[in-house]
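Observations on chain architecture
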Number of protein chains: 2
Amino acid sequence: MDDFELSCRGLYRAMTIREKYMRLAYQRFPRTASQYLRDIEGESFKPEDQVQPVFTSPPKNGEDPFDTADLPKNLGYVARMKDGLIYVYNDGAAADKHQPKDLPCPDYNTFIDDMNFLIALIAQGPTKTYTHRRLKFLMSKFNVHEMLNEMEEMKELKMNPHRDFYNCRKVDTHIHAAACMNQKHLLRFIKKSYRVDADRVVHNLKGKEVTMKELFESLHLHPYDLTVDSLDVHAGRQTFQRFDKFNAKYNPVGASELRDLYLKTENHIGGEYFATIIKEVASDLEDAKYQYAEPRLSIYGCNPSEWIKLSSWFNKNRVFSPNLKWMIQVPRIYDIFKARNFVPHFGKMLENIFLPVFQATIDPQSNPELSIFLKHVTGFDSVDDESKHSGHMFSTKSPKPEEWDIAKNPSYTYYIYYMYANIAVLNQLRRQRGMNTFTFRPHCGEAGAVTHLLAAFMTADNISHGLNLKKSPVLQYLYFLAQIPIAMSPLSNNSLFLEYAKNPLLEFHKKGLVVSLSTDDPMQFHYTKEPLMEEYAIAAQVFKLSTCDMCEISRSSVIQSALSHEEKVHFLGQDYLKEGPEGNDIRKTNVAQIRMAYRYETLCYELNLIKEGLKTE
Amino acid sequence: MDDFELSCRGLYRAMTIREKYMRLAYQRFPRTASQYLRDIEGESFKPEDQVQPVFTSPPKNGEDPFDTADLPKNLGYVARMKDGLIYVYNDGAAADKHQPKDLPCPDYNTFIDDMNFLIALIAQGPTKTYTHRRLKFLMSKFNVHEMLNEMEEMKELKMNPHRDFYNCRKVDTHIHAAACMNQKHLLRFIKKSYRVDADRVVHNLKGKEVTMKELFESLHLHPYDLTVDSLDVHAGRQTFQRFDKFNAKYNPVGASELRDLYLKTENHIGGEYFATIIKEVASDLEDAKYQYAEPRLSIYGCNPSEWIKLSSWFNKNRVFSPNLKWMIQVPRIYDIFKARNFVPHFGKMLENIFLPVFQATIDPQSNPELSIFLKHVTGFDSVDDESKHSGHMFSTKSPKPEEWDIAKNPSYTYYIYYMYANIAVLNQLRRQRGMNTFTFRPHCGEAGAVTHLLAAFMTADNISHGLNLKKSPVLQYLYFLAQIPIAMSPLSNNSLFLEYAKNPLLEFHKKGLVVSLSTDDPMQFHYTKEPLMEEYAIAAQVFKLSTCDMCEISRSSVIQSALSHEEKVHFLGQDYLKEGPEGNDIRKTNVAQIRMAYRYETLCYELNLIKEGLKTE
């Protein structure tokens, strides 16, 4: 077998691995790639094999997004965790005998095998050479395309009536709710709240209820004097390569009391201020009309009641906006909880995260608030500092989650596998019930080992960051072939991990990886009233993006996002699920057909090369 | 004489040259530098020798900025041009005999001598070495200062109540009125105007009056379909190093008819739309409260009636805002006018530019509209593509302006000298009458020869761009010593002359040159609704500026600007004219005193070195 064939064989198998895990979890795998894979196998492509996640459509006119009238009935099933995975049983008896219902779940050993295969592949010399060369070629090819067709693309856009970069839809695909306002907004809100609520009891200080006035007095400050400097929530030179310092920036004036009061869903005032701030951000997005955002709210897995509290906050404060699509982020901080004795083992953490969701899926009426909230939740994120090394290696010998009772944190891959596996089963159950499904969209490749990107390649619908794809040509090429969307936040990276000019966004975009722009944390990183526009403007200026580039990135952000099918049809066109130029409606996206054709032909060419490579056998 | 002494001697003389020409024209020269110069000369510094330009204060409550009641009486003087310079005479008889009034004007031969001295100095080996080393030292010194004091500076700012970057005043020190709105604003305005005024006669098309509807029909487009793409006023990759293409971007949809209708003061509708757009921009600035701008309007010198028309537009449309300070830009395009036979010689162009202003100064009531307008004009700018080489060398042998009747354009320096000389005389006359004076603030060092920066060093109160100071250590050091403000526009440069990351703004700022940030042309360069904030945000992100850096730049922009003494006292503090920390009111500027002290000590150290160098003689 020559090097070319060896590489193609490996890449082919890698793609089938991703295809399998995507399908299992109702996540996306591109049709074109599937067609080539079937071609290689000598089989015919069946469109019905394609799966899509299901996201809740926005309420119709007059419909109340918090209406609990139509919640489905109780199925009476029982859900229990075993080996870190929630199983669904017909009843308690079946559960006791572990006779679960037929909801396919990933096979643990196969997953480890697949993973080990991929670990070997990304280190395999010939494949590294092959993919490196292909990527280099893709770069040069785009440069040539640009030189030849830039003016033609611009001409297409100029001929396109009534649509330009400003009124094509863009989604902030990665933003944390607790930092979704900018620093000036937070400052204004604090001052305003003090003017109105100074005498309101807002906090419990060492067992004593205190008013806002007393709270600020205990901090020796008066909101009138507060400035963005003293608020001190903005990242600066001090936070570069210091994720710990960055995390501390979430505390206004360095006081965790103020974080509790203003940026938490759970506090003495039921998270009212936080809800108000978010609704103000949403209202700005609604006014801007063409901007959407996907904020993350935290579930820690510390306590099974977290979901109840969070959904209660969501419903009571009616935190809904058609321009916001919600996600749940799970911090990878088992070690901290374990050290404080909050959880006995890692399995309990997983149970706290997933069991309430399974139960609400089986019997929605038992917890209407949670069921309503879950309708508006679109996916899970996995978050924390990736540069922390765990020292553990995920393998067949790894302890099961219920056995993981040591102080050490499990590895990134271990976390990812168990989140993915539970989401996969959950999605099947929800799909059966006609409910919306969840996508898995972890932070990945912001720092740390390239194996993180490998784990996400197997499990994630799409990822945030992806910077470290720079370090592995094989993975970078695979992300290209599988067209895995990457939500990039160069301003965030600039403050934390990588200088702006060195950000690979432009390189990835040129090579044909699917990138979108996102803000991550406007409170920490942005200066203006429109953080997403600031993100686009800076990228456009520094990287000299053309209008077509910017509109392509905007389009990718909608594709990547959890906007519902209905909204995507409205924003991208009837055929948005088709790939290549026929899936593009320039009147809605303002992306030139020349560009779309270039992207499609280029992708097909690369997929075809693999097919050719395998023919020689 | 050793190299050190030689350099110091040269630098000393250079500084005295600038001091002389600044004083002559009522422009600024720093007190500290004057004190050192007097020290060197063994003389005592007289504060009364210091001069300051005079800018009109904003109208008091209820005062009408267009009120003509208090215009001064006619002095009955006669103004006439001779050798390119306007002289003022007691009467016609004195004029015929050329017996001008005693208004000191620069001596032509001395000016050339001074210029030749400076030309030699910036090429002098030892001085180049000396200044290069000093600049390198200034850079390293600032880096050390930053490492040692960054946290202390931040602490000072955090302790400073109620003032942060957002509410300290900043002035957009360099912006062209015809491009002061962003592209989206212009687009919206065009659409709105069509909805309201479709049937209004707005244009004269080949001798026929046409309605807006007919005008758009003749261009084969409908405003409803118009987008920022088809509007095509934004600079892109195509404009890099192509000033010609950039200039064409002033025409919306490439149609000069639309430029006439929307972006000109003189057209079929009396510049009504342009005035409305500017007033909308002003209203946004007033809402933002802390932002000011200094837009440039054009006087071409093609025709003596230009001033009358422009001031009539200004008064009729009541284009006034406390947040706007007006400037006059004069394009250096004699060659074009001469080719079209609009002017017989260069002297006529100068006469058209300056004579009406002299006349309105002598007899304000003869043209009340112009006199009111001049009250709000704060200075002159000289504009055009600096990279065009003229081939002419300004010297004692240069033809006088009235003899300059060849097709070729005079050199940059020739233009600068005659503009400066006329402004100097004009300011003396206006000062005598208690009127506001004008500063000379040319575009300089954006491209072309370093001699442009040399000419501005002799004549300009402050400049725009200054990029080419990179190329001459001697001039760069002189700009530092004389603390000449430089309005920099890195986003503009990024689209035209220099990539963002290579912009010397950060380097200049660190070395202690006085830099401000300005937008130049929001229509062509910016994406967001707040172009000046976009400019600051991008600089902050790319250059990783600290809050103290940003507030120092904001403070410099107020210093550089033509805000009146009254406003500067209000925005910078009572003692803003003092140099060093005692001139800084941190409560208003949010600039740390540690920073101010560092800057002042550093400047004094460098000035003192020169003094020491001269002692050895």
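Look a little higher up for the structure.
The structure contained in this document is the topic of the report that follows. As the structure is a prediction and not an experimental result, all values here were calculated from the model. (Residues numbered from 1 in each chain as written. Chains lettered and ligands numbered in written order. Predicted model: local features only at pLDDT ≥ 70, side-chain atom pairs only at ≥ 80, totals over all residues. Heavy atoms only, no water.)

Along its length, chain A carries 26 helices and 13 strands. Against the compact-globule benchmark of 25 Å for 617 residues, chain A has a radius of gyration of 24 Å, which places it among compact chains. For chain A, the spread of C-alpha atoms along the principal axes amounts to about 80 × 65 × 50 Å. Contacts in chain A between residues far apart in sequence, at least 24 positions, make up 73% of those at least 6 positions apart. Split by element, the accessible area of chain A, about 22,600 Å² in all, is 51% carbon and sulfur. (Helix = DSSP H or I, 4+ residues; strand = E, 2+ residues; numbered from the N terminus. Rg over C-alpha atoms; globule rule 2.2 N^0.38 Å. Contact = heavy atoms within 4.5 Å. Areas by Shrake-Rupley, 256 points an atom, 1.4 Å probe, with all protein chains shown as cover.)

The next subject is helix α11 (residues 272–288) of chain A. Look at α11(A): 24 Å from first C-alpha to last across 17 residues, which is about the 24 Å you get at 1.5 Å a residue. Looking only at α11(A), the buried set comprises Tyr273(A), Phe274(A), Ala275(A), Ile277(A), Ile278(A), Val281(A), Ala282(A) and Leu285(A). (Expected span 1.5 Å × (residues − 1). Buried < 20%, exposed > 50% of the residue type's maximum accessible area, 1.4 Å probe, protein only.)

All names here are of chain B. Compared with the 22 Å implied by 1.5 Å per residue over 16 residues, the 23 Å span of helix α4 (residues 108–123) between its first and last C-alpha is a close match. Among the residues of α4, Tyr108, Phe111, Ile112, Asp114, Met115, Phe117, Leu118, Leu121 and Ile122 are the ones counted as buried. Residues of α4 that are buried make contact with α1 (3–24), α5 (125–159), α16 (412–432), α17 (451–459) and α18 (473–481).

What follows concerns the sheet that holds strand β13 (residues 515–517) of chain A. Within a sheet, adjacent strands bond to each other through the backbone by hydrogen bonds, running parallel or antiparallel. One open sheet accounts for four strands, arranged β10-β11-β12-β13 (chain A); its pairing is parallel. Looking along the sheet, the strands with just one partner apiece sit at the ends: β10 (443–444) and β13 of chain A. (Pairing = 2+ DSSP bridges.)

Residues and elements named next belong to chain A. Along strand β1 (residues 78–82), the buried face is formed by Ala79 and Met81; none of Val78, Arg80 and Lys82, which line the opposite face, is buried. Bridging between β1 and strand β2 (residues 85–89) involves five bridges; their strand directions are antiparallel. Each residue of the ladder has a partner; that of Ala79, found in β2, is Val88. Where β1 hands over to β2, the hairpin turn is made up of two residues, of which Asp83 adopts a positive phi near 50°.

So, about the pattern of salt bridges. Under the counting rule described, the total for this entry stands at 77 salt bridges over all chains. Taking the shortest distance from any N to any O, the salt bridge between Glu294(B) and Arg441(B) comes out at 2.6 Å. Of the two residues, Glu294(B) is situated in strand β6 (residues 291–298) and Arg441(B) in the loop between β9 (439–440) and β10 (443–444); the sequence distance between them amounts to 147 residues. Overall, the relative accessible area of 0% leaves Glu294(B) in the buried class. On the accessibility criterion, Arg441(B) (1% relative accessible area) is buried. Residues joined in a network through salt bridges with shared partners are Glu146(A), Glu150(A), Glu153(A), Asp549(A), Glu552(A), Arg595(A), Arg599(A) and Arg237(B). (Salt bridge = Lys/Arg side-chain N within 4 Å of Asp/Glu carboxyl O.)

Attention now moves to the interface of chain B and chain A. Across the contact, 50 residues belong to chain B and 50 residues belong to chain A. Taking both sides of the interface into account, the surface hidden between chain B and chain A amounts to around 4,200 Å²; carbon and sulfur atoms contribute 52%. The interface formed by chain B and chain A includes ten salt bridges. For Lys158(A), the salt bridge identified is with Asp232(B), shortest N-O distance 2.7 Å. On the surface where chain B and chain A come into contact, there are 28 residue pairs in polar contact (both at pLDDT 80 or more). Broken down by secondary-structure element, the contributors of at least two residues to the side of chain B that touches chain A are α5, α6 (183–197), α8 (228–231), α19 (490–496), α22 (531–542) and α23 (547–560) of chain B. Tallying contributions element by element places α22(B) first for the side of chain B that touches chain A, with seven residues. When the residues that make up the side of chain B that touches chain A are grouped by side-chain class, the tally is 20 nonpolar, 13 polar and 17 charged. (Buried area = accessible area lost by both parts, 1.4 Å probe. Polar contact = N/O pair within 3.5 Å; in protein donor to acceptor, adjacent residues only side chain to side chain. Nonpolar A, V, L, I, M, F, W, Y, C, P; charged D, E, K, R; others polar.)

Turning our eyes to something else, we now look at the pairing of strand β4 (residues 201–205) of chain A. Residue and element names in this part refer to chain A. Direction of pairing for β4 relative to strand β5 (residues 208–211): antiparallel, over a ladder of four bridges. Bridge assignment links Leu205 to a residue of β5, and that residue is Lys208. Hairpin connection from β4 to β5: two residues lie between these consecutive antiparallel strands, with Lys206 at a positive phi of about 45°.

The next point concerns the sheet that holds strand β13 (residues 515–517) of chain B. Residue and element names in this part refer to chain B. Strand order in the open sheet formed by four strands is β10-β11-β12-β13, with parallel pairing between adjacent strands. What marks the edges here is a single partner per strand, and that holds for β10 and β13. Of the strand pairs in this sheet, β10 and strand β11 (residues 463–465) are connected by two bridges, and their pairing is parallel. The residue bridging His443 from the neighbouring strand is Ser464, located in β11.

With that out of the way, let us pick up the relation of the copies chain B and chain A. With an RMSD of 0.0 Å, the fit of chain B onto chain A corresponds to turning through 180° and sliding 0.1 Å along the axis. With respect to symmetry, the two chain copies, as superposed, fit the operation of a two-fold axis. Within chain B, the C-alpha atom positioned nearest to the axis of rotation is that of Ile538(B), 3.1 Å from it. Here 100% of the contact residues of chain B are again contact residues in chain A; the copies associate through an equivalent surface. (Least-squares fit on C-alpha atoms with pLDDT ≥ 70 in both.)

So, about the side chain of Gln541(B). Summarising the element assignment, Gln541(B) is placed in helix α22. Residue Gln541(B) is classed as buried on the basis of its relative accessible area, which comes to 5%. Among the polar contacts listed, one links the side chain of Gln541(B) to the backbone oxygen of Phe525(A), at a separation of 2.6 Å. Not counting the four nearest positions on each side in its chain, Gln541(B) is found in contact with Leu491(A), Asn494(A), Phe525(A), His526(A), Tyr527(A), Glu534(A) and Ile538(A).

Applying the stated criterion across every chain, the model contains zero disulfides over all chains. Residue Cys551(A) stays outside any disulfide, its sulfur separated by 3.9 Å from that of Cys168(A), the closest cysteine. (Disulfide = S-S within 2.5 Å.)

Moving on: the nonpolar core. Ranked by internal contacts, the top residues of the largest apolar core, which has 382 residues, are Tyr262(A), Phe380(A), Tyr479(A), Tyr262(B), Phe380(B) and Tyr479(B). Filtering out sequence-adjacent residues up to four positions away, Tyr479(A) remains in contact with Leu453(A), Ala456(A), Phe457(A), Ile463(A), Leu469(A), Ile484(A), Ile486(A) and Leu513(A). (Core = buried A, V, L, I, M, F, W, Y, C linked by side-chain atoms within 4.5 Å.)

Here the focus is a nonpolar patch on the surface. Residues Val144(A), Met147(A) and Leu148(A) make up a contiguous nonpolar surface patch of about 350 Å² in total accessible area. For Met147(A), the location among the structural elements is in helix α5 (residues 125–159). (Patch = residues over 30% accessible without salt bridge, like charges linked within 9 Å, V, L, I, M, F, W, Y side chains within 5 Å.)

What follows concerns the packing of aromatic side chains. Going through the model one piece at a time under the given rule, you end up with 83 aromatic pairs over all chains. Ring centres of Phe457(A) and Tyr479(A) lie 6.1 Å apart, and the angle between their planes is 45°; on these two criteria the pair is classed as tilted. Pair noted here: Phe457(A) is in helix α17 (residues 451–459) and Tyr479(A) is in helix α18 (residues 473–481), with a separation of 22 residues, a long-range link. Take Phe457(A) and Tyr479(A): they sit in the same class, and that class is buried. The ring of Phe240(B) carries the charged tip of Lys544(A) above its face, separated from the ring centre by 3.8 Å. (Phe/Tyr/Trp six-rings, centres within 6.5 Å; stacked < 30°, edge-to-face > 60°. Lys NZ or Arg CZ within 6 Å of the ring centre and 35° of its normal.)

Further remarks concern the side chain of Arg430(B). Residue and element names in this part refer to chain B. Looking at the secondary structure, you find Arg430 in helix α16. For Arg430, which is buried and forms no salt bridge, the nearest opposite charge comes from Asp363, at a distance of 12 Å. At 2.7 Å, the side chain of Arg430 and the backbone oxygen of Asn436 are in polar contact. With residues near it in sequence (within four places) discarded, Arg430 still touches Thr361, Leu374, Lys375, Met435, Asn436 and Phe438. (Lys, Arg positive; Asp, Glu negative; His and termini not counted.)

This part covers the packing of α1(B) against α17(B). Residue and element names in this part refer to chain B. One can describe the packing of α1 onto α17 by two numbers: an axis separation of 7 Å at closest approach and a directional angle of 60°. As far as their axial angle goes, α17 and α1 are oblique. When α1 is examined against α17, the residues Ala14, Met15, Ile17, Arg18, Tyr21 and Met22 are found in contact with a partner set consisting of Ala456, Phe457, Met458 and Thr459. The class makeup of the residues in the contact of α1 with α17 is eight nonpolar, one polar and one charged. (Axes fitted to C-alpha atoms, helices over the stretch in contact; angles between N-to-C directions. Parallel < 35°, antiparallel > 145°, perpendicular 65-115°, else oblique.)

We now examine the environment of Leu429(A). Along the chain, Leu429(A) falls in helix α16 (residues 412–432). Beyond its immediate sequence surroundings of up to four residues, Leu429(A) is in contact with Tyr77(A), Val88(A), Leu103(A), Phe358(A), Thr361(A) and Ile362(A).

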